[in-house]
There are 2 protein chains.
Amino acid sequence: MRIIVDVMGGDNAPDAIALGAIQAAEEFSVEVILVGRGEAILQCLKAHGVQTLPKGVEIANAEGVVDMHDDPATILKTRKDSSMVVGLQMLRDGAGDAFVSAGSTGALLSAATLIVKRVKGIRRAALSPVAPTKTGNGAVLIDCGATAECTPEFLLQFGFMGSYYARRMLGVENPRVALLNIGEEDTKGCALQKQTYQLLKKAGDAGYINFTGNIEARGVLFGEADVIVADGFSGNILLKSIEGTALFMSSLMKDMFKRNVLTMLGALFCRKGIQNIKNKMDYRETGGTAFIGLTKPVIKAHGSSDARAIRSAVRQAMQAAQADISADIAANIDKMTVPKELEHAE
Amino acid sequence: MRIIVDVMGGDNAPDAIALGAIQAAEEFSVEVILVGRGEAILQCLKAHGVQTLPKGVEIANAEGVVDMHDDPATILKTRKDSSMVVGLQMLRDGAGDAFVSAGSTGALLSAATLIVKRVKGIRRAALSPVAPTKTGNGAVLIDCGATAECTPEFLLQFGFMGSYYARRMLGVENPRVALLNIGEEDTKGCALQKQTYQLLKKAGDAGYINFTGNIEARGVLFGEADVIVADGFSGNILLKSIEGTALFMSSLMKDMFKRNVLTMLGALFCRKGIQNIKNKMDYRETGGTAFIGLTKPVIKAHGSSDARAIRSAVRQAMQAAQADISADIAANIDKMTVPKELEHAE
């Protein structure tokens, strides 16, 4: 297996990206292709004591870099020599099995959709991070910001795609798919939720997915469902609220432990538990966010990824390549298409 | 000052509600009117050792009770003898200065809007809880679920109303009003957010409010704004995610402290800090959720309110009656109305 890594994307590029990718290559016996400025990559590796490229690690030269200020819609034209565009083209052409980038989310989504393409029949690719849960293997949040404004059909497809992802990547036999809403009754929410509920219910009744109804935001981390279906706007609010509140609570905890000598001693006693909490909430352990709905796996690593986070993202890319969710989607696409006359787009 | 309390609403009615209201009457020297089944109230007070009604506490008899399963739209007809409807009518007629209920949110919103009425020109009343913040006095989240589907004009009015609330109730001189969105740039979000951004910006430029731009969900608890403007759907997702994640983190903390004898000792050392965190996240200390935009103050107490929570809600109702935000709103209503031809409702 071979993973293509965009070495020039992210706050800590190229050093942390290159080092993390090499770590992954050594640890997981996977081949990696480092896409970016060859000179710069070799120099940074040398600076970190890596004199020659380890076995299974290659460099593919690309001089350009996608900037956070680039307009995502035009980077195929304005940044065609960039590590992101070149890497995605290599993925499309079969030079590797999956692609990892810590670059701009908007640019990556736009370029990946244009180059790698969506599975035929899929209306929108979705950004699908996995949230930690109190019980179980985590919950797939789909979509979390790729498409702010959605139609019921988009959400129906997210339900299927998330279900395949939870089964193949999280190992959940019969994933519970729920619709993010502001109450449990089927009359809750806006027109979008009401219409989507009916589509998901039909798919559930037909046995295509295991639709369990609406879920309130409160229940997500308590493992009430394995797949949380949402439009990109609400999903992003959910994800960012979880992140913000977790950070907030962690900072209150820090304050609690820093009060005096005794509380610091308390922190010492609790260090294993503190580490457990950190691991549970830490994206550096869990990898990046998958773009689901494309023909091949594309993983968005966190913008502030360090080497450890990139290593995890490469591992996740390997799993995604093995899982091949796009095959599941393609095989079932007729079950998740809404006839034009039934589709009431908002 | 006199506060009207719906004694029959909420999971712990009537006991906890009556006791909490009496506590408030004694502690804050305020008059309270307990609306509900007179016999039941007297009996429950006796059972808790209260033999006669304290000075300043009255009972107003109402035999009916609004049920969680009642259709909010029809309770004025089907539950006209209920404590909720009778209490709201007393508020309208000037028998008291504010109303507190822990009953069904939907029923309360519907009945309050029909009986107490919105301030003239206000399109929708909003549910506006105050979230704790790392720095500062908390953030007003407006709306959090009263109106799932909103227009830009609703949101513009929420910006003004939230600003008055933050100034009068939280004591913030020049409240920073921000729009909940999935990025900071003014092109982010759905059509609703893009249009609302322009309206709020105009109001900010005119000096009517202190509009500071978009805010991501991540920044809410870190005090990046004093007023968070959102449609009821997104606002509810935000609120419930915060609640859920705080509960989740608390349960992880509990696990951390319960590992062994040493960690339990650690918990003992940290008990002050633990109490601080609890207080920060505890609605029983901060009171209920205000309905903003009505002609008189209506406070929704948490459904699971105990006596302490009701006591806090009565205190909040007193403050709201004193603050008289509806006067601010009425005096400025012409600044927050969008001419029909400029209003692009979704």
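Conventions and cut-offs
Every chain's residues receive numbers from 1 upward, in the order its sequence appears when written. Chains and ligands are labelled sequentially in the order written, the chains with letters from A and the ligands with numbers from 1. The model is predicted, so local features are restricted to residues of pLDDT at least 70 and side-chain atom pairs to those at 80 or more, both for listing and for counting; the totals for chains, interfaces and linings are taken over all residues. To obtain the side-chain values, all non-hydrogen atoms of the structure were included, while hydrogens and water were left out. By salt bridge we mean one thing: a side-chain nitrogen of Lys or Arg within 4 Å of a carboxyl oxygen of Asp or Glu. Labels follow the DSSP assignment, with helices taken as runs of H or I lasting at least four residues and strands as runs of E lasting at least two, numbered in each case from the N terminus. Here, residues are in contact when the closest pair of their heavy atoms is within 4.5 Å. Put simply, buried area is how much 1.4 Å-probe accessible surface two parts lose in total, over both of them, once they are put together. A 3.5 Å cut-off defines polar contacts: any pair of N or O atoms within that distance qualifies, except that in protein one atom must be a possible hydrogen donor and the other a possible acceptor, and neighbouring residues in sequence count only when both atoms are side-chain atoms. Classification used: nonpolar for Ala, Val, Leu, Ile, Met, Phe, Trp, Tyr, Cys and Pro, charged for Asp, Glu, Lys and Arg, polar for all others including Gly. Aromatic rings from Phe, Tyr and Trp, with only the six-membered ring used for Trp, were paired whenever their centres fell within 6.5 Å, and each pair was classed as stacked if the ring planes differed by under 30 degrees, edge-to-face if by over 60, and tilted otherwise. We call a residue buried when its accessible area falls under 20% of the maximum for its residue type, exposed when it is over 50%, and partly exposed in between, using a 1.4 Å probe and counting protein chains only. To estimate the expected span of a helix, count its residues, drop one, and scale the result by 1.5 Å. Being paired, for any two strands, means DSSP has found at least two bridges between them. In this analysis, axes come from line fits to C-alpha atoms, helices being fitted only over the stretch in contact, and the angle between any two N-to-C directions falls in the range 0 to 180 degrees. Confidence of the predictor at the level of single residues is given by pLDDT, which spans 0 to 100. To line up the copies, we fit them by least squares on C-alpha atoms, keeping just the residues with pLDDT of at least 70 in both. As used here, the term nonpolar core means buried Ala, Val, Leu, Ile, Met, Phe, Trp, Tyr and Cys residues forming a set that is joined through side-chain atoms within 4.5 Å. Roughly parallel means an angle under 35 degrees; roughly antiparallel means over 145; roughly perpendicular covers 65 to 115; every other angle is labelled oblique. Each crossing gets its hand from how the near helix is turned against the far one by less than a right angle, where anticlockwise is left-handed and clockwise is right-handed.

**Overview of the pattern of salt bridges**
Residue and element names in this part refer to chain B.
And then number 1: Within this structure, the stated rule accounts for 22 salt bridges over all chains.
And then number 2: A salt bridge links glutamate 27 to arginine 311; its shortest N-O distance comes to 2.8 Å. Here glutamate 27, found in helix α1 (residues 15-28), pairs with arginine 311, found in helix α12 (residues 307-323); they are 284 residues apart in sequence, far enough to count as distant.

**Focus: the interface of chain A and chain B**
Many structure descriptions define interface size as the accessible area lost when the parts assemble.
And then number 1: Contacts between the two partners involve 54 residues from chain A, matched on the other side by 54 residues from chain B.
And then number 2: Taken together, both faces of the contact between chain A and chain B bury some 5,000 Å²; the carbon and sulfur share is 74%.
And then number 3: Area buried by chain A at its contact with chain B is led by A:Arg218, A:Phe233 and A:Phe248, which between them contribute 14% of it.
And then number 4: Residue B:Glu216 is joined to A:Lys240 by a salt bridge in which the shortest nitrogen-to-oxygen separation is 2.5 Å.
And then number 5: In this assembly, chain A and chain B are joined by 10 residue pairs in polar contact (both at pLDDT 80 or more).
And then number 6: Secondary structure elements with two or more residues in the side of chain A that touches chain B: α7 (191-205), α8 (232-257), α9 (261-269) and α10 (271-281) of chain A.
And then number 7: Residues belonging to the side of chain A that touches chain B are distributed by class as follows: 28 nonpolar, 15 polar and 11 charged.

**Some points on the packing of aromatic side chains**
And then number 1: As enumerated under the stated definition, the model contains nine aromatic pairs over all chains in all.
And then number 2: Where A:Phe222 meets B:Phe248, the ring centres are 6.1 Å apart and the plane angle is 90 degrees; that geometry is what we call edge-to-face. On the criterion of chain membership, the pair formed by A:Phe222 in the loop between β9 (210-215) and β10 (227-229) and B:Phe248 in helix α8 (residues 232-257) is interchain, its members lying in two chains.
And then number 3: Looking at B:Phe248, the relative accessible area reads 0%, which means it is buried.

**Description of α1(B)**
Residue and element names in this part refer to chain B.
And then number 1: Taking 1.5 Å as the rise per residue, α1 with 14 residues should run 20 Å; its terminal C-alpha atoms sit 20 Å apart, in good agreement.
And then number 2: Within the sequence span of α1, burial applies to Ala16, Ile17, Ala18, Gly20, Ala21, Ile22, Ala24, Ala25 and Phe28.
And then number 3: In the core, the buried residues of α1 are packed alongside β1 (2-6), β2 (31-36), α2 (38-47), β3 (57-61) and α12.
And then number 4: Looking one or two places after α1, you find serine 29, whose phi comes out positive at around 40 degrees.

**Some thoughts on unusual backbone geometry**
And then number 1: Put simply, A:Ala13 and A:Pro14 share a cis peptide bond, and its omega is -5 degrees.
And then number 2: Of note, A:Pro14 is situated in the loop between β1 (2-6) and α1 (15-28).
And then number 3: Positive phi, close to 50 degrees, is recorded for B:Asp324, a residue that is not glycine.
And then number 4: Along the chain, B:Asp324 turns up in the loop between α12 and α13 (325-331).
And then number 5: Note on B:Asp324: relative accessible area 36%, which makes it partly exposed.

**Examining the sheet that holds strand β4 (residues 98-101) of chain A**
All names here are of chain A.
And then number 1: Reading across the sheet, the seven strands line up as β3-β2-β1-β4-β12-β11-β5 and stay open at both edges, with mixed pairing between neighbours. At either margin of the open sheet sits one strand with a lone partner, and together these are β3 (57-61) and β5 (126-128). Geometrically, the sheet is characterised by an average inter-axis angle of 25 degrees between neighbouring strands, direction not taken into account.
And then number 2: Bridge count for β5 against strand β11 (residues 289-292) is three bridges, and the pairing is antiparallel. Of the residues in β11, the one forming a bridge with alanine 126 is isoleucine 292.

**Details of the confidence of the model for chain A**
And then number 1: Of the residues in chain A, 98% have a pLDDT of 70 or more, and the chain-wide mean is 93.
And then number 2: Both scores are given for the predicted complex: the pTM is 0.93, the ipTM 0.92.

**A look at the relation of the copies chain A and chain B**
And then number 1: When chain A is fitted onto chain B, the two copies agree to an RMSD of 0.0 Å after a turn of 180 degrees and an axial shift of 0.0 Å. Such a combination of turn and shift is consistent with a two-fold rotation axis. For chain A, the residue whose C-alpha comes nearest the rotation axis is A:Gly266, separated from it by 1.8 Å.
And then number 2: A share of 100% of interface residues in chain A that are also interface residues in chain B marks the association as one of identical surfaces.

**Quick look at the sheet that holds strand β6 (residues 130-131) of chain A**
Residues and elements named next belong to chain A.
And then number 1: In space, the five strands of this open sheet follow the order β6-β7-β10-β8-β9, with mixed pairing throughout. The open sheet has two edge strands with one neighbour each: β6 and β9.
And then number 2: Lying over the sheet, helix α6 (residues 152-170) contacts β6, β7 (139-142), β8 (176-180) and β10, oriented at roughly 150 degrees with respect to β7.

**So, the environment of A:Pro14**
All names here are of chain A.
And then number 1: Looking at proline 14, the relative accessible area reads 16%, which means it is buried.
And then number 2: In sequence terms proline 14 and aspartate 81 are 67 residues apart; their C-alpha atoms lie 16 Å from each other.
And then number 3: Setting aside its immediate chain neighbours within four residues, proline 14 contacts Val7 and Met8.

**Let's talk about the side chain of A:Thr113**
Residues and elements named next belong to chain A.
And then number 1: Here threonine 113 lies in helix α5 (residues 105-115).
And then number 2: Engagement of the side chain of threonine 113 in a polar contact is seen with the backbone oxygen of leucine 109, the distance being 2.6 Å.
And then number 3: Setting aside anything within four residues of it in sequence, one finds threonine 113 in contact with Arg118 and Leu294.

**Things to note about the nonpolar core**
All names here are of chain A.
And then number 1: Ranked by internal contacts, the top residues of the largest apolar core, which has 69 residues, are Ile3, Val32, Phe158 and Ile329.
And then number 2: The element that contributes the greatest number of residues to this core is α6, accounting for 11 residues.
And then number 3: What valine 32 contacts, discounting residues up to four positions off in sequence, is Ile3, Ala21, Ala25, Gly56, Val57, Glu58 and Val314.

**Description of the packing of α1(B) against α12(B)**
Residues and elements named next belong to chain B.
And then number 1: Taken N-terminus to C-terminus, the directions of α1 and α12 make an angle of 50 degrees; their axes are 7 Å apart at the nearest point. In terms of orientation, α1 and α12 fall into the oblique class. The handedness of the crossing between α1 and α12 is right-handed. Residues Ala16, Ile17, Leu19, Gly20, Ala21, Gln23, Ala24, Glu27 and Phe28 of α1 form the contact with α12, whose own contacting residues are Ala307, Ile310, Arg311, Val314, Arg315 and Met318.

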